[in-house]
Amino acid sequence: MSLGAYCVICCRRIGTSAPRLRSHMPWRNSQNIREYSSGNIIRLTGSLILGGSLFLTYEVLALKKSVTLDTQVVEREKMKSYIYVHTVPADKVESHGLAWQARKELHKAVRKMLAASARVLRSPFSDSFSTVDIEDHDCAVWLLLRKSREDTKASRLEAVREMSEAHHWHDYQYRIIAQACDPRTLIGLARSKESDRRFFLPPPPLPSLKEDSSTEEELRRLLASLPQTELDECLQYFTSLALSESSQSLAAQKIPSHCDHIEAGGGLQLLQRLFRLHKDCPTVQRSIMRIIGNMALNERLHPAIVRSGWVSMLADVLKSYHIMEASHAARALANLDRETVCEKYEDGVYVLHPQCRTSQPIKADVLFIHGLMGAAFKTWRQHDSERVLTESAEVDENRYTTCWPKTWLAKDCPALRIISVEYDTSLSDWRARCPMERKSIAFRSNELLSKLRAAGVGDRPVIWISHSMGGLLVKKMLLEASRNPELSTIINNTRGMIFYSVPHHGSRLAEYSVNIRYLLFPSLEVKELSKDSPALKALHDDFVEFAKDKNFQVLNFVETKPTFIGSMIKLHIVPVESADLGIGDLIPVDVNHLDICKPKTKDAFFVSTYSTVHL
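Residues numbered from 1 in each chain as written. Predicted model: local features only at pLDDT ≥ 70, side-chain atom pairs only at ≥ 80, totals over all residues. Heavy atoms only, no water.

We now examine the overall build of the chain. Helix and strand counts for the chain stand at 27 helices and 9 strands. Classification of the 615 residues of the chain by burial places 45% in the buried group. When contacts within the chain are restricted to residue pairs at least 6 apart in sequence, long-range pairs at least 24 apart make up 74% of them. Accessible surface computed for the chain: about 33100 Å², of which carbon and sulfur atoms make up 55%. (Helix = DSSP H or I, 4+ residues; strand = E, 2+ residues; numbered from the N terminus. Buried < 20%, exposed > 50% of the residue type's maximum accessible area, 1.4 Å probe, protein only. Contact = heavy atoms within 4.5 Å. Areas by Shrake-Rupley, 256 points an atom, 1.4 Å probe, with all protein chains shown as cover.)

Spelled out as structure tokens, the structure:
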């Protein structure tokens, strides 16, 4: 447009100028005519150059004006919780003439120039800019989002890592990621140790309850709707118990079809309501996260779990200093993370380390198996004392820890994957958790072996650490694995084992329980610990021969003090002669049976334990 206007002005100037007088001087020759023509060409060329310059200047100014925005408006829009996406269908794009095409090409040239300068001078991005009115850190946000959706797994993991390490962004930038990322990226951020909490949107509003109904009534209605035909006797017992007395027994529902029914019946939202309602009851919250972890074993339910807002809630709990709560959340998130986790952690299998994504290569697995009446966490806590119990565990984990494998061992040996296993046991059938349940050591070992194999145990070197009856389970599992070719990797990769007061030759607790069986009704587990048990003797003889053949490294600890059973009974549960496996070192420790695996300090008897772990 500027060039056209300038040409019009030039034409008018030529048309209105006075006519040049004809020369009557004959001595003027053709050289003067050529000089006159050359002057006209120079003036025309100069006009064209000047007009072109004015045109380019105008277009640059117009481009600058078109990409200059009111910063106050931009800042207000940035603070909003939604994203504008403006799209124009290709068939609606019309041609706007030569000027429009020229402007388009000029804009392309400017974008290419900015992209080239960014790569040469700063090099923060791997792709070209899509707009010219965007700041560098905003470009980083959108380019990371694009990178997180690439086909290459390494690129996606790198994008999530870079997002998790971003701690200098504005609130609206974290909100952009939260709204625009896919479920795979969201789960990756939840499992990243340093990720900012602002990456996670709050869970969606919960649906209103029906009139004249409570959360407990809705839970009972959901349990009553579950099919009962596939349940074994114990699950039927827990379901009936939940319908009549308790609202916590839904954790017993582990059948895949039941998980589908729970999701279809609004169970995810109902569990979320219960989680918030019982925010001051860690036991209930752990049971609820246990249910979510079991449901996450079914990959078909992953989209529903993400949509319900559970990922953001689990991400919060994962950062808790309470080890039990954080471990339940870590298990659920690991079962959701199919990007970096190939294993599946079934009910009762907890990863104590690493609980987040890490670049640290894992060199070996260390498995902790508790004993009779033990648990995956409390069995492995530090020795209790009045002084440390009055102090806050949040202050210094080096002084007191509720799970030393999680804090001390993981800190000193970060290249280990540390797993703790939990299973139900009972001293007496008088108060059995399931009256119909009669699980022998052989049954439990096969059940645990299947779960551990699903968790990838056997893919790398393995060290087994067990307490009391847990050691008998370890021996039985290794013997069963040696007879199954599909489990040969577990045997081939087993490097050693540590036994804490394991009754290889029986326990006095079993003798005492049998003598007063009419009072205690000893459970099947206790009966199997009797010295005259044929199954126990056969297990010992078979394992000793097997361990010598495989040349396993074995370390045995044994208590030397009696243990109080209740307030009146004092008993030496595992004597020295029973804890002697016959192979490996035997180390007596001046503690009772319960405290044999609970060191008072980090250096109490860890030198021997660590030397075995480093094998």
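Cis geometry marks the peptide bond from His353 to Pro354, where omega comes out at -10 degrees. One can find Pro354 in the loop between strand E1 (349-353) and strand E2 (364-369). Its identity is not glycine, yet Met373 carries a phi of approximately 65 degrees, on the positive side. Checked against the element boundaries, Met373 lands in the loop between E2 and helix H17 (386-389). If you check the backbone angles, Asn551 has positive phi at about 60 degrees while not being a glycine. Mapped onto the secondary structure, Asn551 falls in the loop between helix H25 (534-550) and strand E6 (553-559).

Summarising burial for strand E5 (residues 494-500): 6 of the 7 residues are buried, a large majority. Judged from the 6 bridges that link them, strand E4 (residues 462-467) and E5 form a sheet pairing that is parallel. When the bridges of E5 are listed, Ile463 appears paired with Gly496. (Pairing = 2+ DSSP bridges.)

Turning to the packing of helix H15 (residues 310-318) against helix H16 (residues 323-336), a few remarks are in order. Relative to each other, H15 and H16 sit at 135 degrees, their axes nearing to 8 Å. In terms of orientation, H15 and H16 fall into the oblique class. Note that H15 runs across H16; the crossing there is left-handed. Residues Val311, Leu314, Ala315, Val317 and Leu318 of H15 form the contact with H16, whose own contacting residues are Glu325, Ala326, Ala329, Ala330, Ala332, Leu333 and Leu336. (Axes fitted to C-alpha atoms, helices over the stretch in contact; angles between N-to-C directions. Parallel < 35°, antiparallel > 145°, perpendicular 65-115°, else oblique. Left-handed = near helix turned anticlockwise from the far one by under 90°.)

Below, the discussion takes up the confidence of the model for the chain. Scored by pLDDT, the chain has a mean of 78; 68% of the residues are at 70 or more. Counted against residues more than four places away or in other chains, residues 386-395, with its pLDDT under 50, gives 8 contacts. (pLDDT = per-residue confidence, 0-100.)

As a further point, take the sheet that holds E6. Here we have 7 strands laid out as an open sheet, ordered E1-E3-E2-E4-E5-E6-E9, and mixed in their pairing. One side of each edge strand has no neighbouring strand; the edge strands of this open sheet are E1 and strand E9 (585-589). Across the sheet, the mean angle separating the axes of adjacent strands is 20 degrees when strand polarity is ignored.

The subject of this paragraph is the pairing of E4. Here E4 lies mainly inside the structure; 6 of its 6 residues are buried. Burial along E4 is two-sided: the residues Val462, Trp464 and Ser466 and Ile463, Ile465 and His467 are all buried. Bridge count for E2 against E4 is 5 bridges, and the pairing is parallel. If you follow Leu367 over to E4, its bridge partner there is Trp464.

Taken as a whole and assessed by the stated rule, the structure comprises 12 aromatic pairs. Aromatic side chains Trp169 and Tyr174 sit 5.5 Å apart centroid to centroid with 50 degrees between the ring planes, which places their arrangement in the tilted category. Here Trp169 matches Tyr174 in class, with each residue buried. Seen in terms of ring centroids, Tyr174 and Phe199 are 5.1 Å apart; in terms of plane orientation they differ by 75 degrees. Their pairing is edge-to-face. With a gap of 25 residues between them, Tyr174 in helix H7 (residues 171-180) and Phe199 in the loop between helix H8 (183-190) and helix H9 (215-225) connect regions that are remote in the sequence. Just as Tyr174 is buried, Phe199 falls in that class too. In this structure an aromatic cluster arises from ring pairing among Phe368, Trp380, Trp404, Tyr500 and Phe557. (Phe/Tyr/Trp six-rings, centres within 6.5 Å; stacked < 30°, edge-to-face > 60°.)

Once that is clear, we can look at the environment of Leu219. With respect to the secondary-structure elements, Leu219 resides in helix H9. Each C-alpha atom of the pair Leu219 and Gly266 lies 9.9 Å from the other, and the pair is 47 residues apart in sequence.

With 14 residues, helix H20 (residues 469-482) extends 20 Å between its outermost C-alpha atoms, agreeing within 8% with the 20 Å of an ideal straight helix rising 1.5 Å per residue. Where burial is concerned, most of H20 is hidden: 12 out of the 14 residues are buried. Every buried residue of H20 is listed here: Met469, Gly470, Gly471, Leu472, Leu473, Val474, Lys475, Lys476, Met477, Leu478, Leu479 and Ala481. (Expected span 1.5 Å × (residues − 1).)

A few words on the pattern of salt bridges. Where charged atoms from two side chains of opposite charge come close, those side chains can pair. Applying the stated criterion to the full structure yields 22 salt bridges. Residues Glu217 and Arg220 are paired through a salt bridge, measuring 3.9 Å at the closest nitrogen-oxygen approach. Taken as a pair, Glu217 and Arg220 lie in helix H9 at a separation of 3 residues, close to a single helical turn. Taking the relative accessible area as the measure of exposure, Arg220 reaches 25% and is therefore partly exposed. The salt bridge involving Arg483 is made with Glu480; its shortest N-O contact spans 3.4 Å. Overall, the relative accessible area of 52% leaves Arg483 in the exposed class. When salt bridges with common partners are traced through the structure, they connect Lys147, Glu158 and Glu162 into a single cluster. (Salt bridge = Lys/Arg side-chain N within 4 Å of Asp/Glu carboxyl O.)

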